[in-house]
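The lines below spell out each chain.
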Amino acid sequence: MNIHLLLQMASEAMGHREAILCGDKRMSFEELGEAAKSVAAKVQPGEKVAYLAEGHPAFPAALFGAALAGTPFVSLNYRLSREQLDAQIARVTPAQFITDTDVTGEGMTVSLPETVMQGEPLLGEAPDEDGAVAVELFTSGTTGEPKSAVLRHSNLMAYIFGTVEFMSAEEDEAALLTVPPYHIAGIAAVLSSTYAGRRMVMLPSFTAEGWVALAQKENVTNAFLVPTMLQRIVDAADGSLDLPSLRNIAYGGGKMPRATIEAAMALLPHVNFTNAYGLTETSATICMLGPDAHREAFASDDPAIRRRLSSAGIPIPSIELQVRNEDGDVCGAEETGLVYVRGDQVSGEYKGLGSQLDSDGWFLTKDRGFVDVDGYLFIDGRADDVIVRGGENISPGEIEDVLRSHAAVKDVAAIAVADTEWGEAVGVAIVCPSSVDDAELCELVRANLRSSRVPSVIKRMDELPYNETGKLLRRVIRDSFAQ
Amino acid sequence: MGQIYKPGTKLSSTVCKTQIMALRVPAEELDVSCGGAPMQVGDPAELGEMSGDNAGTLVGKRYTDADETMEFLCTRGGEGTIAIEGYVIDIKAAKKLPSSD
């Protein structure tokens, strides 16, 4: 299989449809197909295609162009420091780089996003090599050195065939793409939109005002947001949002605070919200909390139903999911353990480390969580973030949820701090503009949880460190406590 | 003369524009035909005569047998009808998931 087929089908069956709008540039699916052929023609034998730029029509053209040329597409984070970038470039070369930044290095051939889509096309069919790699993406590395996740054509095609129907978008549908090209959600959005025949409206640098204005101007119907983006849109809306064309918002990429999704649903009652839970290593979404489940939870007074607004939903039909305890046994309902998944879209493979799947094809996500009696998955956090106090496993999430319920607390993170008596203890970084004393916060935790959960250190911060796609950088917080 | 196919294999009709790709196939020899003529790997140089009753194929639809033991994706539509071992395979009902990206 080859992901280029998605674009080929789109350009043959609906070539006249508008595929991309970015600034004042417009392209049909047919034109995108031609642009991909021009990208492919520039790739020299042995080169990968590396994309190092913001969202631009050259991004989808390069993604499909690399596939047509039979080489992996690699997307690099243009926000990295020069030192980090050089380290990643060395892991990617030799490569045809598509970039407008001023970087040069050994094994790099450089093209501008503007010009790479022009020139002679590569003629002929996309190669169909068993097990060929379509995309290599660096994981965000919030806990350590970034790993290069390997996604094969067969993984990405399984995701698309499992979740999207060909040409299922109405002619008037438009998706607003704000997630950067180096994020799995950015890749997935291009593949899904192309196969569905949905216009991609690109917003390379996100601001809440810019997002709302573009959504209004282009009658956007679909959007994907990370939680911090949705929070900023809610904040900027100041109680009302005029987006009559908007039908669907999917969100993911980090934990959605309950208050944010509730505020967004109240602001946009006509919009269908979907929580899409997935990882780079699983070719994007593996669980969904759909619009009906959102509305049912939002309207319910039953706490067990209401809390589903914090749920990752249920596995999509092509994915199997298990929560297992430390002995490897499958957990019962409400019992927290490690989340394992299995399915054709799950790659679970890193460059240089090989496949991390077990002999039965299961992949350990390293997320902790539980399922409720109806099979809804609740993600607790990363297994690496668990605080082990005197042998007892403590989830940062439960402490954070309790503290966040305090009206004065704007943001909070619980992390492990070194403790001479217990090995580790609970440290809390808190953003709390009004004055609330530590004793009150500790009492709140004691009253709702056990005394072992009570923070031994509380540190006030002006804001918590997040990366640009809204992932909390716990490592940075841990380092600041260690100093 | 049946053949064993693997997921990802593309078959072209020899009597119309239809092309299909195997998504899920049993590990056994299959006779795949379109418009009454055997399908082949790679497009034919020229098209032959169609025979039998043909309702055509639709690009983007999945085709499956009655027991759903196999599944093909139509990657290019045409006028012929696809049959496996002489039995017509039909469009599989789409399961609609919400848009997740």
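Right above here is the structure, for reference.
Below is a short write-up of the structure. For clarity, every value in this text was computed on a predicted model and none was experimentally measured. (Residues numbered from 1 in each chain as written. Chains lettered and ligands numbered in written order. Predicted model: local features only at pLDDT ≥ 70, side-chain atom pairs only at ≥ 80, totals over all residues. Heavy atoms only, no water.)

Here we come to the pairing of strand E10 (residues 199-202) of chain A. Residues and elements named next belong to chain A. The alternating pattern of E10 places Arg-199 and Val-201 on one face and Met-200 and Met-202 on the opposite face, and all of these are buried. Relative to E10, strand E1 (residues 18-22) runs parallel, the two sharing 3 bridges. Bridge assignment links Ile-20 to a residue of E10, and that residue is Met-200. Two strands pair when backbone bridges link them, and strand E9 (residues 174-177) and E10 are joined in this way by 4 bridges, in the parallel orientation. By the bridge assignment for E10, Leu-177 is matched with Met-202. One crossover worth recording links E9 to the parallel E10 by way of helix H7 (residues 184-196), and it is right-handed. (Buried < 20%, exposed > 50% of the residue type's maximum accessible area, 1.4 Å probe, protein only. Helix = DSSP H or I, 4+ residues; strand = E, 2+ residues; numbered from the N terminus. Pairing = 2+ DSSP bridges. Right-handed = clockwise from strand over helix to strand, strands pointing away.)

Let us look at a negative patch on the surface. Residue and element names in this part refer to chain A. Residues Glu-326, Asp-327, Asp-329 and Glu-335 make up a contiguous surface patch of negative charge. For Asp-327, the position within the fold is in the loop between strand E16 (320-324) and strand E17 (337-342). The class for Asp-327 is exposed, based on a relative accessible area of 67%. (Patch = residues over 30% accessible without salt bridge, like charges linked within 9 Å, V, L, I, M, F, W, Y side chains within 5 Å. Areas by Shrake-Rupley, 256 points an atom, 1.4 Å probe, with all protein chains shown as cover. Salt bridge = Lys/Arg side-chain N within 4 Å of Asp/Glu carboxyl O. Lys, Arg positive; Asp, Glu negative; His and termini not counted. Charge placed at Lys NZ, Arg CZ, Asp CG, Glu CD.)

Let's shift gears to the sheet that holds strand E7 (residues 82-84) of chain B. Strand pairing in a sheet is mediated by backbone hydrogen bonds. Such pairs are either parallel or antiparallel. All names here are of chain B. Overall, antiparallel pairing links the 4 strands, which are arranged E4-E3-E7-E8 in an open sheet. Each end of this open sheet is capped by a strand with a single partner; those strands are strand E4 (37-38) and strand E8 (87-88). In this structure, strand E3 (residues 32-34) lies alongside E7, joined through 3 bridges in antiparallel fashion. Within E7, the residue paired with Ser-33 across the bridge is Ala-83.

A few words on the sheet that holds E17 of chain A. All names here are of chain A. Strand order across the open sheet formed by 4 strands is E16-E17-E20-E21, with antiparallel pairing between neighbours. Edge positions in the sheet fall to E16 and strand E21 (377-382), since each has one partner strand and no second. Recorded for the sheet is a direction-independent mean angle of 45° between the axes of neighbouring strands. (Axes fitted to C-alpha atoms, helices over the stretch in contact; angles between N-to-C directions.)

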